[in-house]
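# Coordinates in review
So the chains spell out like this:
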Amino acid sequence: MKTISLIDLKPRYENEKEELLPIIDNVLSSGNLILSDENTKLENEINEYLGTEFCLTLNSGTDALMIALWALGIKKGDEVITSAVSFIATAAAIAHVGAKPIFVDVKDDLNIDESKIEEKITSKTKAIVPVHWTGRMCNMQMINEIAQKNNIKVIEDAAQAIGSKIDNIRPGNLSEIATFSTHPLKILNALGDGGFLVTNNRELYDKIKKYRNHGMIGRDQYEFFGVNSRMDALNAAVIRFRLKKVDEVILNRQTNINFFRENITNPDFKIPECKSNQYNSFTMFVCQSERRDELQKHLLENGIQSLIYYGTPLHLHKASKILNYKLGDFVNSEKLCDRVISIPFHQYLKNDEKEYIVEKINKFYL
Ligand SMILES: Cc1ncc(COP(=O)(O)O)c(C=O)c1O
């Protein structure tokens, strides 16, 4: 039986090997492995790509979020509003700076329901962290209006949104700081963990530049206690190589998704739609089915890997117990987490594999 993997790490390496190995050799031969030219060049190239002024390469998307919150002065006793649907790191980063994550339910597109944000704002609210889930950007116009009205900051969790746009604007230009992940499963990816943040605020940039490197200001001088969150030069060089191809990767993935959209005929299998002002880079392809668990079993029996991103909304994790939420608090998030299913859609899928996936999904519903 065929097996079709959702994860494309092996074909990706085969495809890139010839170009990638000399890049790795070049960095290792240079002897500059930490905060080298490769980091500075990547930061400049990311700014050019996103249209932002300042970028800092870091060692993960989680660190990028924590550092952004720290830089904005979020601390113990503060509240930070975010979506009930995200990866745990969004809530954990808020908790790690000592603040309390306050969740808001999502809309059917799995992004924060902006109409429910204001009712959660208290005198302790210091920031909103909208998550551009799967690569589809949130309604930043409304979120910024709410933030301005209430004098609170906005940090975009853009871990999944490199390549995405709303009203033709990319993340980082619609908030104080936008944070990104370059984990191997993101569209723009490193050899291991990695991340970066962008901002148009020089003061924040200067502060974070020191913070990511122990608060260092000179060979033996430290302005404050910082952290070690430097992206390895090796990863910076690899990401520079992959950034040149990122738009092509997105287009190939969109072509695959359009094929599924045109050929999967059962209305119970819902393929995500975009509004005309949204450009979705599809870091994740999250579909919905009311018979999700049965469908997943059927796909597995036919050699098709699928994954659930994610089956549990943030408020129902054991880690969130201290926040005192309960089942029923965010009904849409809970309902959708029971329906989501991701099928293979990566750029190395072959035509016969795409046809096979369509056939097996359509047959399931007969
Ligand atoms: C929405 C979101 N936020 C934050 C993160 C954390 O990024 P990292 O894994 O690079 O720490 C991820 C990673 O999956 C994510 O999807």
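Residues numbered from 1 in each chain as written. Predicted model: local features only at pLDDT ≥ 70, side-chain atom pairs only at ≥ 80, totals over all residues.

## What about the overall build of the protein?
A tally of helices and strands in the protein yields 11 helices and 13 strands. Computed over the C-alpha atoms, the radius of gyration of the protein is 21 Å, within 12% of the 21 Å expected from 2.2 N^0.38 for a compact globule of 366 residues. Dimensions of the protein, computed from the C-alpha atoms along their principal axes, are close to 70 × 55 × 35 Å. Taking all 366 residues of the protein together, the buried fraction comes to 43%. Considering only residue pairs separated by 6 or more positions, the protein has 70% of its internal contacts joining residues 24 or more positions apart. (Helix = DSSP H or I, 4+ residues; strand = E, 2+ residues; numbered from the N terminus. Rg over C-alpha atoms; globule rule 2.2 N^0.38 Å. Buried ≥ 20, exposed ≤ 12 C-beta atoms within 10 Å, placed from the backbone. Contact = placed C-beta atoms within 7 Å.)

## What about the packing of helix H3 (residues 61-71) against helix H4 (residues 88-96)?
Direction vectors running N to C along H3 and H4 enclose 40°, while the axes themselves pass 9 Å from each other. If you check the angle between H3 and H4, you find them oblique. When the axes of H3 and H4 are compared, the crossing they make is right-handed. Taken together, the residues of H4 that come into contact with H3 (itself represented by Gly61, Thr62, Leu65, Met66 and Leu69) are Ala89, Thr90, Ala92, Ala93, Ile94 and His96. Looking at the contact of H3 with H4 residue by residue, the classes come out as seven nonpolar, four polar and no charged. (Axes fitted to C-alpha atoms, helices over the stretch in contact; angles between N-to-C directions. Parallel < 35°, antiparallel > 145°, perpendicular 65-115°, else oblique. Left-handed = near helix turned anticlockwise from the far one by under 90°. Nonpolar A, V, L, I, M, F, W, Y, C, P; charged D, E, K, R; others polar.)

## Some words on the domain arrangement of the protein
In terms of domain boundaries, the protein breaks down into domain 1 (9-243) and domain 2 (247-364). Spacing between the C-alpha centres of domain 1 and domain 2 amounts to 24 Å. Listed per partner, the contact involves 29 residues of domain 1 and 29 residues of domain 2. When residues of the side of domain 1 that touches domain 2 are traced back to their parent elements, those giving at least two are helix H1 (9-30), H4, strand S3 (100-104) and strand S6 (165-166). (Domains from an automatic or database assignment.)

## Structural notes on the site of the ligand
Around the ligand sit 15 residues in total, of which Ser60, Gly61, Thr62, Ala159 and Ser181 are the nearest. Of all the secondary structure elements, the ones that give two or more residues to the shell around the ligand are H3 and H4. Taken together, the residues of the shell around the ligand sort by class into four nonpolar, nine polar and two charged. (Near = placed C-beta within 6 Å.)

## What to know about the environment of Val227
Looking at where Val227 falls in the secondary structure, it is placed in the loop between strand S10 (221-222) and helix H7 (233-243). Taking the number of C-beta atoms within 10 Å as the measure of exposure, Val227 has 16 and is therefore partly exposed. Expressed as a C-alpha distance, the spacing of Val227 and Met216, which sit 11 residues apart in the sequence, is 9.8 Å. When sequence neighbours within four positions are dropped, the list of residues in contact with Val227 reads Tyr211 and Arg212.

## Side note on the pairing of strand S7 (residues 177-181)
Where burial is concerned, most of S7 is hidden: five out of the five residues are buried. In S7, alternate side chains face the same way, and those of Ile177, Thr179 and Ser181 on one face and Ala178 and Phe180 on the other are all buried. Strand direction decides the pairing type here: strand S5 (residues 153-157) and S7, joined by three bridges, are parallel. Paired with Ile155 across the bridge in S7 is Ile177. (Pairing = 2+ DSSP bridges.)

## Structural notes on the sheet that holds S3
Pairing is mixed across the open sheet formed by seven strands, whose spatial order is S1-S8-S7-S5-S4-S2-S3. Of all the strands in the sheet, just strand S1 (54-58) and S3 have a single pairing partner and so form its edges. Between one strand axis and the next, the sheet turns by 25° as a mean value, whatever way the strands run. Along the sheet face, H4 touches strand S2 (79-83), S3, strand S4 (125-129) and S5 and points at about 175° away from the line of S2. Against the sheet, helix H6 (residues 202-211) engages S1, S7 and strand S8 (195-199), with an angle of about 25° to S1.

## Side note on the nonpolar core
Grouped together as the largest cluster of nonpolar side chains are 95 residues, with contacts concentrated most on Ile67, Ala68, Leu69, Phe196 and Leu197. When residues in this core are grouped by element, the largest group, seven residues, is from H3. When residues of this core are assigned to domains, at least three map to each of domain 1 (9-243) and domain 2 (247-364). Residues contacting Ala68, with those up to four places away along its chain left out, are Ile155, Ile177, Thr179 and Leu197. (Core = buried A, V, L, I, M, F, W, Y, C linked by C-beta atoms within 7 Å.)

## Brief notes about the environment of Ser36
Residue placement: Ser36 occurs in the loop between H1 and helix H2 (37-50). With 17 C-beta atoms counted inside 10 Å, the residue Ser36 sits in the partly exposed group. Each C-alpha atom of the pair Ser36 and Gly98 lies 33 Å from the other, and the pair is 62 residues apart in sequence.

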